[in-house]
Amino acid sequence: MSTDQCNSLRKVFMQACQLDHKVIVLQSGSDIWSNGIDLNTIECSDNPADESWENIVAIDDLIREIINCESKVVVSAMTGNAGAGGVILALAADFVFARDGVVLNPHYKKMGLYGSEYWTYLLPKRVGQKQALQLTEECEALVAGQAKNLGLIDDCFGETLEAFKATVREKVKKLVVHEAYHKLISDKRLLRLKDETKKSLDSYRDEELKKMSEIFYSGESDYHMKRHFFVNKISAKRQIESNWNIINYKCVEAKPVLENA
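Residues numbered from 1 in each chain as written. Predicted model: local features only at pLDDT ≥ 70, side-chain atom pairs only at ≥ 80, totals over all residues. Heavy atoms only, no water.

Observations regarding the overall build of the protein chain
Point 1. Scanning the protein chain from terminus to terminus reveals twelve helices and eight strands.
Point 2. A globule of 261 residues ought to have a C-alpha radius of gyration of about 18 Å, and the protein chain, at 19 Å, matches this closely.
Point 3. In terms of its C-alpha atoms, the protein chain occupies a principal-axis envelope of roughly 65 × 40 × 35 Å.
Point 4. Per-residue burial over the protein chain gives 48% buried out of 261 residues.
Point 5. The contacts in the protein chain between residues at least 6 apart in sequence include a share of 75% that link residues at least 24 apart.
Point 6. In the form shown here, the protein chain has an accessible surface area of approximately 13400 Å², with 50% of it arising from carbon and sulfur atoms.
Point 7. Considering the protein chain, the positive charge centre built from 34 side chains and the negative charge centre built from 38 side chains are found 4 Å apart. (Helix = DSSP H or I, 4+ residues; strand = E, 2+ residues; numbered from the N terminus. Rg over C-alpha atoms; globule rule 2.2 N^0.38 Å. Buried < 20%, exposed > 50% of the residue type's maximum accessible area, 1.4 Å probe, protein only. Contact = heavy atoms within 4.5 Å. Areas by Shrake-Rupley, 256 points an atom, 1.4 Å probe, with all protein chains shown as cover. Lys, Arg positive; Asp, Glu negative; His and termini not counted. Charge placed at Lys NZ, Arg CZ, Asp CG, Glu CD.)

Okay, here's the thing in structure tokens:
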């Protein structure tokens, strides 16, 4: 999702939070849930380093709103595949459902990125610190059933898109009329307060963005090279033959100020 798309979705989500509804469902298209920041838009921008920074800040802003939504139950309904920050985006919700057969790639390393989106908070919260590091370092893909077994998502179901959507609707209806709904909201607020007291969201964000800034604005990083090859579908052979000089590839020296990110 591009910077503009992240900002637009954040505004719509904030508006939905003001409505008199008990549950907000985030549902994707049939093919893709999200793959995080938009590498294509970044590649085509005048300054990929700056656009990378703006995009990661925008998606972080969106996810922070989802995490901090204390008046509604939020559900991620993943009808399509997800990768990198797109997987973490789903984890910001209270309940995460995926269609059977959906493939998740909860890692950033192949693109030369450390990752942000509050993954250092959300991923260990779901699967534990050890498993979180294994998922991000080994860069293995997970089908929905495997993700459920690990605790990464809450459930997977639906052989077809229609069946998945129908089951999501039924689950949401049960949440709305469930006698323990208000306890769900209360427990959600208490857990967020407990987590915030232990370590603030700002701390997770600052630590992640510091590493991402170093990657975006460093001549030592291979992110810009890997993104260029990926977006332009350059084969492994052509990559080897390419005389790549990352410092000359639209990379600027100035770094953004993290305090206002």
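Back to the text.
Topic: the side chain of His224
Point 1. Topologically, His224 is positioned in helix 11 (residues 223–231).
Point 2. We classify His224 as buried; its relative accessible area is 0%.
Point 3. Polar contacts involving the side chain of His224 include one to the main-chain carbonyl oxygen of Phe216, which spans 2.8 Å. (Polar contact = N/O pair within 3.5 Å; in protein donor to acceptor, adjacent residues only side chain to side chain.)

Some points on helix 6 (residues 129–138)
Point 1. The set of residues buried in helix 6 consists of Ala132, Leu135 and Thr136. The arc enclosing the buried residues of helix 6, seen along the axis, measures out at 90°, which places them on a common side. (Arc of directions from axis to C-beta.)

Some points on the sheet that holds strand 1 (residues 23–27)
Point 1. Strand order in this open sheet of four strands is 1-3-5-8, and the pairing throughout is parallel. Both edges of this open sheet fall to strand 1 and strand 8 (155–157), since each of them pairs with a single strand only. Averaged over all neighbouring strand pairs, the angle between strand axes comes to 20°, with direction disregarded.
Point 2. In this structure, strand 5 (residues 95–99) lies alongside strand 8, joined through three bridges in parallel fashion. (Pairing = 2+ DSSP bridges. Axes fitted to C-alpha atoms, helices over the stretch in contact; angles between N-to-C directions.)

Side note on the state of the cysteines
Point 1. The final tally for this structure, using the stated rule, is zero disulfides.
Point 2. Here Cys6 is not cross-linked by a disulfide; its sulfur's nearest cysteine counterpart is in Cys17, at 16 Å.
Point 3. For Cys6, a relative accessible area of 0% corresponds to the buried category.
Point 4. Left without a disulfide partner, Cys17 is nearest to the cysteine sulfur of Cys69, which lies 3.5 Å away. (Disulfide = S-S within 2.5 Å.)

So, helix 5 (residues 119–127)
Point 1. For helix 5, a buried count of eight out of nine residues is recorded, marking the element as mostly surrounded by other parts of the structure.
Point 2. Of the residues trailing helix 5, Gly128 is marked for its positive phi of about 90°.

Points about the packing of helix 1 (residues 3–17) against helix 3 (residues 48–67)
Point 1. Two elements in contact, helix 1 and helix 3, have axes separated by 8 Å at closest approach and are oriented at 15°. Classified by the angle between their axes, helix 1 and helix 3 sit roughly parallel to one another. Where helix 1 crosses over helix 3, the two elements pack in a sense that is left-handed. Residues Thr3, Cys6, Asn7, Leu9, Arg10, Phe13 and Met14 of helix 1 form the contact with helix 3, whose own contacting residues are Glu51, Glu54, Asn55, Ala58, Ile59, Asp61, Leu62, Glu65 and Ile66. (Parallel < 35°, antiparallel > 145°, perpendicular 65-115°, else oblique. Left-handed = near helix turned anticlockwise from the far one by under 90°.)

Some points on unusual backbone geometry
Point 1. In this structure, Cys139 is a non-glycine residue whose phi angle is positive, near 55°.
Point 2. The residue Cys139 is located in the loop between helix 6 and strand 7 (142–143) in this model.
Point 3. One non-glycine residue, Lys233, lies in positive phi territory at about 50°.
Point 4. Note on placement: Lys233 falls in the loop between helix 11 and helix 12 (236–241).

Description of the environment of Thr167
Point 1. Tracing the sequence through the fold places Thr167 in helix 8 (residues 161–177).
Point 2. Taking the relative accessible area as the measure of exposure, Thr167 reaches 28% and is therefore partly exposed.
Point 3. Once the C-alpha coordinates of Thr167 and Ile37 are considered, the two residues, 130 residues apart in sequence, prove to be 29 Å apart.
Point 4. Here Ala163 takes part through its backbone oxygen, which lies 2.9 Å from a polar atom of the side chain of Thr167.

Things to note about the packing of helix 3 against helix 11
Point 1. Running from N to C, helix 3 and helix 11 point in directions that differ by 90°, and their axes come no closer than 11 Å. With respect to helix 11, the element helix 3 is oriented roughly perpendicular. From helix 3, Pro48, Ala49 and Ser52 reach across to helix 11, where they touch Tyr223, His224 and Arg227.
Point 2. Here the residues of the contact of helix 3 with helix 11 sort into three nonpolar, two polar and one charged. (Nonpolar A, V, L, I, M, F, W, Y, C, P; charged D, E, K, R; others polar.)

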